[in-house]
Amino acid sequence: GGIKGVGEMRPDIQLFDLGDEVMMEPFIEVVSKHKLIWLTHASEPVGHEYPGKGGITPDMLYPLITSFPDLTLVCAHWGGGLPFYALMPEVKKAMANVFFDTAASPFLYNPQIYHQVIQILGAEKILFGTDYPLLTQARLLKEVRSLDLPPETERLILGGNARRLLGLTDTKG
């Protein structure tokens, strides 16, 4: 029917265990068979508490990623800091099909996170997200545009990456 993905799922409150391959394998098989993207909630294991902070942290996501390397996965909320582990070559290699959205970024990280993740993984791994209605698009757009990113990098983050990932034609002028 044209569906492109599944999510944002919250495994920690939807009561399924990412580490249970018996349960996860059939789900991932269907997602992969239909070339769908899976968007999962993610949270950092340290730092301040906030409404919506969950239990899906990098240490839970990484085994899933290595167990299902062909899965196209989007980790919401910067993957709970997972991009920083890509400083390890084996982690960066394992995350070939993993992307990160910027949803709720002002509540979680200093805007410097954009520069850091671009340096570690590349701008092509970042997807614009807001967590609307919690945050408006205008607030996140203002944050991205305040970073003085090269125009092509900004274009990728603000829609180019999503168009590529979704298999949509890039309408670049």
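Just above, that's the structure.
A short tour of the structure in this document, coming up. (Residues numbered from 1 in each chain as written. Predicted model: local features only at pLDDT ≥ 70, side-chain atom pairs only at ≥ 80, totals over all residues. Heavy atoms only, no water.)

Description of helix H2 (residues 58-67)
Moving on, step 1. Along H2, the positions that sit buried rather than exposed are Pro 58, Leu 61, Leu 64 and Ile 65. All buried residues of H2 fall inside an arc of 125° around its axis, so they share one side.
Moving on, step 2. On its buried side, H2 packs onto helix H1 (21-33), strand E2 (37-40), strand E3 (72-75), helix H3 (89-94) and strand E4 (98-101). (Buried < 20%, exposed > 50% of the residue type's maximum accessible area, 1.4 Å probe, protein only. Helix = DSSP H or I, 4+ residues; strand = E, 2+ residues; numbered from the N terminus. Arc of directions from axis to C-beta. Contact = heavy atoms within 4.5 Å.)

Some remarks on the pairing of E4
Moving on, step 1. By the alternation rule, side chains of E4 split into Val 98 and Phe 100 and Phe 99 and Asp 101, which are all buried.
Moving on, step 2. Note: E3 against E4, 3 bridges, orientation parallel. Bridged to Cys 75 within E4 is Phe 100.
Moving on, step 3. The parallel pair E3 and E4, bridged by H3, forms a crossover whose chirality is right-handed.
Moving on, step 4. Sheet topology note: the E4/strand E5 (residues 126-127) ladder contains 2 bridges and is parallel. Opposite Asp 101, over in E5, you have Leu 127 as the bridge partner. (Pairing = 2+ DSSP bridges. Right-handed = clockwise from strand over helix to strand, strands pointing away.)

Quick notes on the packing of aromatic side chains
Moving on, step 1. As enumerated under the stated definition, the model contains 3 aromatic pairs in all.
Moving on, step 2. With a centroid separation of 5.1 Å and an interplanar angle of 90°, the aromatic rings of Trp 78 and Tyr 114 are classed as edge-to-face. Here Trp 78, found in the loop between E3 and H3, pairs with Tyr 114, found in helix H5 (residues 112-121); they are 36 residues apart in sequence, far enough to count as distant.
Moving on, step 3. Classification of Trp 78 as buried rests on a relative accessible area of 0%. (Phe/Tyr/Trp six-rings, centres within 6.5 Å; stacked < 30°, edge-to-face > 60°.)

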